[in-house]
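Spelled out from the first residue to the last, the chains are:
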Amino acid sequence: MDFAFTEDQLLLQQTLRQYAKEKLLPNYARWDRGEKVSRTELHEAAKLGVFGLRVPEKFGGQEADYVTCGIMTEELSRGDFNYSLYIQLGVIACELLSGFAHPEVQAEWLPRHATGDAVIAFGLTEPSAGSDAANITTRAVKTGDDYVISGEKASITFAGYADACIVFARTSDQGARGISAFLVPLDGPGVTRQVYKTPGERLTQRGSLFFDNVRVPARNRVGGESGGFAQAMIAFDFNRALIALACVGAAQQSLEDTIDYTKGRHVFGKPLAKFEGVSFQVAEYLTMVEAARLIAYKCLWLKDQGQKHTKEAAMAKWLGPKTSAEAIHACLILHGHYGYNMDSPLEQRWRDVVGLEIGDGTPEIMKGVIAREAFGREYTSYRD
Ligand SMILES: Cc1cc2nc3c(=O)[nH]c(=O)nc-3n(C[C@H](O)[C@H](O)[C@H](O)COP(=O)(O)OP(=O)(O)OC[C@H]3O[C@@H](n4cnc5c(N)ncnc54)[C@H](O)[C@@H]3O)c2cc1C
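Residues numbered from 1 in each chain as written. Predicted model: local features only at pLDDT ≥ 70, side-chain atom pairs only at ≥ 80, totals over all residues. Heavy atoms only, no water.

### Considerations on the overall build of the protein
A count of helices and strands for the protein gives eleven helices and ten strands. Relative to the 2.2 N^0.38 estimate, which gives 21 Å for 384 residues, the radius of gyration of the protein is 21 Å and therefore close to what a compact globule would have. Taking the principal axes of its C-alpha atoms as reference, the protein extends roughly 80 × 50 × 40 Å. Across the 384 residues in the protein, those meeting the buried criterion constitute 52%. As presented, the protein carries roughly 17400 Å² of accessible surface, and 54% of it is formed by carbon and sulfur atoms. Between the mean site of the 42 positive side-chain charges and the mean site of the 48 negative ones, the protein shows a separation of 2 Å. (Helix = DSSP H or I, 4+ residues; strand = E, 2+ residues; numbered from the N terminus. Rg over C-alpha atoms; globule rule 2.2 N^0.38 Å. Buried < 20%, exposed > 50% of the residue type's maximum accessible area, 1.4 Å probe, protein only. Areas by Shrake-Rupley, 256 points an atom, 1.4 Å probe, with all protein chains shown as cover. Lys, Arg positive; Asp, Glu negative; His and termini not counted. Charge placed at Lys NZ, Arg CZ, Asp CG, Glu CD.)

### A look at the site of the ligand
For the ligand, the set of nearby residues contains 18 residues, the closest of which are F122, T125, S131, T362 and E364. Measuring from a nitrogen atom of the ligand, one finds a side-chain N or O atom of T125 at 2.7 Å. In the model, an oxygen atom of the ligand is placed 2.6 Å from a nitrogen or oxygen of the S131 side chain. For the ligand, whose unbound accessible area comes to 980 Å², protein coverage reaches 63%. Every element with two or more residues in the shell around the ligand is listed here: β1 (120-123), β3 (146-156), α10 (345-358) and α11 (363-375). Shared between two domains, the shell around the ligand takes at least three residues from each, and those domains are domain 2 (120-226) and domain 3 (229-379). (Near = heavy atom within 4 Å. Polar contact = N/O pair within 3.5 Å; in protein donor to acceptor, adjacent residues only side chain to side chain. Domains from an automatic or database assignment.)

### What to know about α10
Inspection of α10 places L346, E347, Q348, R349, R351, D352, V353 and L356 among the buried residues, and these make up the whole buried set. One side-chain oxygen of the residue at the start of α10 lies 3.1 Å from the amide nitrogen of L346, identifying that residue as S344. D360 sits one or two residues past α10 and shows a positive phi near 75°.

### Notes on the layout of surface pockets
The calculated volume of the second largest pocket comes to roughly 540 Å³. Every residue lining the second largest pocket is counted, 16 residues in all, and those nearest its centre are D2, F3, Y297, K298 and W301. Among the elements that take part in the lining of the second largest pocket, helix α8 (residues 276-304) stands out by supplying six residues, more than any other. Class assignment of the residues belonging to the lining of the second largest pocket gives a composition of eight nonpolar, two polar and six charged. The two domains that each donate at least three residues to the lining of the second largest pocket are domain 1 (7-114) and domain 3 (229-379). (1 Å grid on protein atoms, 1.4 Å probe; cavity = no way out; pocket = protein on both sides within 12 Å on 5 of 7 lines; lining within 4 Å. Points joined across faces, edges and corners; volume = space filled by probe spheres on them. Nonpolar A, V, L, I, M, F, W, Y, C, P; charged D, E, K, R; others polar.)

### Some points on the pattern of salt bridges
Per the counting criterion, the structure on display carries 21 salt bridges. Between R202 and D32 there is a salt bridge, with the nearest N and O atoms lying 3.5 Å from each other. Taken together, the residues R202 in the loop between β6 (191-195) and β7 (207-217) and D32 in helix α2 (residues 28-32) connect sequence positions 170 residues apart. A salt bridge links E326 to K322, with the nearest nitrogen and oxygen atoms 3.1 Å apart. (Salt bridge = Lys/Arg side-chain N within 4 Å of Asp/Glu carboxyl O.)

### Some remarks on the domain arrangement of the protein
Each assigned domain of the protein is listed here: domain 1 (7-114), domain 2 (120-226) and domain 3 (229-379). Relative to domain 2, the C-alpha centre of domain 1 lies at a distance of 23 Å. With 22 residues of domain 1 at the contact, the number on the domain 2 side is 22 residues. With both chains or domains summed, domain 1 and domain 2 bury close to 2100 Å², and 71% of this area falls on carbon and sulfur atoms. (Contact = heavy atoms within 4.5 Å. Buried area = accessible area lost by both parts, 1.4 Å probe.)

Here's what the structure looks like:
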């Protein structure tokens, strides 16, 4: 068994940790207070590599392995949790487009994605179908050489400013087997957007995308007809580990900040850190955060080896956000009134992390996946 990162990965980790501290953390609160991301900032993020991580080299990307994607996610989240969303959605888009899209669609969108000229959202959830995603009602009807798409996609990360969305739509009435995926540019006729007011992750302008008879060429279908649901599940499997690492990065930074703070803060004549009621809380969360980190990296390593990783992905997605939200909450309390203050990143981190307890699958759904893998498919509650 070998837990070591490669030399290159260690160097990347070190460089990104410094970058997150010096460049990202000072700006973290800007998005929270309503500032909108500019194209220049997207280009800056792209130069850092966040969009091109999994873009094939021939299209200008880094074609990094998944463990490296995890390192980048964890490290950047220490400074600005929101940057992890660029990585998550970017890696999903690349997985689906590189693996399944028409070569012309790949050549048009992947190079633009790598440079930050095209932010690509993932549109599965609908107002009446989240956990039960096989029940979506958005329709794509084949009309000549085109598909015509109508419906609403809800709770979509980057809805406010994405340039395109991979939209999952029904091409037949056969449940999960009747769903196909389409790359839909969002600047055409029939597309409208509504950005939500959200407690956190405000950089992402999460919201609804409405499609009213939106026409796309048949070549924009991503993969074969009816293969969409399976593709979405492939994307979930590794992204759940990235989500865990995003949360772990934010929690780890909060715990390290809390160690520093409690060493310097004196109460009852000695440093706070000398009280075991304080230091043991940090010790417990350091342990649990490390456990979440290890499951997440194991999942990404399995993906890199081409091995099944559905169970590990669900374990990481359940444990990572939950443990991190609890750890950050504890850190906030251990900072006293300084923690409950918008000058401290702790309260924003906590709000940001909680969003990803829900996004990409709730704790109940993750436990359902783990149970399904452990007990067998015939014991799932959604099969009679
Ligand atoms: C921050 C954030 C970002 C997101 N980004 C995207 C995105 O980019 N693209 C996208 O398509 N979607 C996105 N989503 C949507 C997200 O994937 C869904 O919200 C999620 O899958 C849950 O669906 P739902 O909200 O409809 O809840 P529901 O499915 O209505 O569930 C409500 C509650 O019931 C529980 N529940 C449901 N079924 C069961 C069951 N069988 N057993 C026990 N309990 C159950 C759930 O755990 C939850 O607590 C995002 C959501 C958030 C919060």
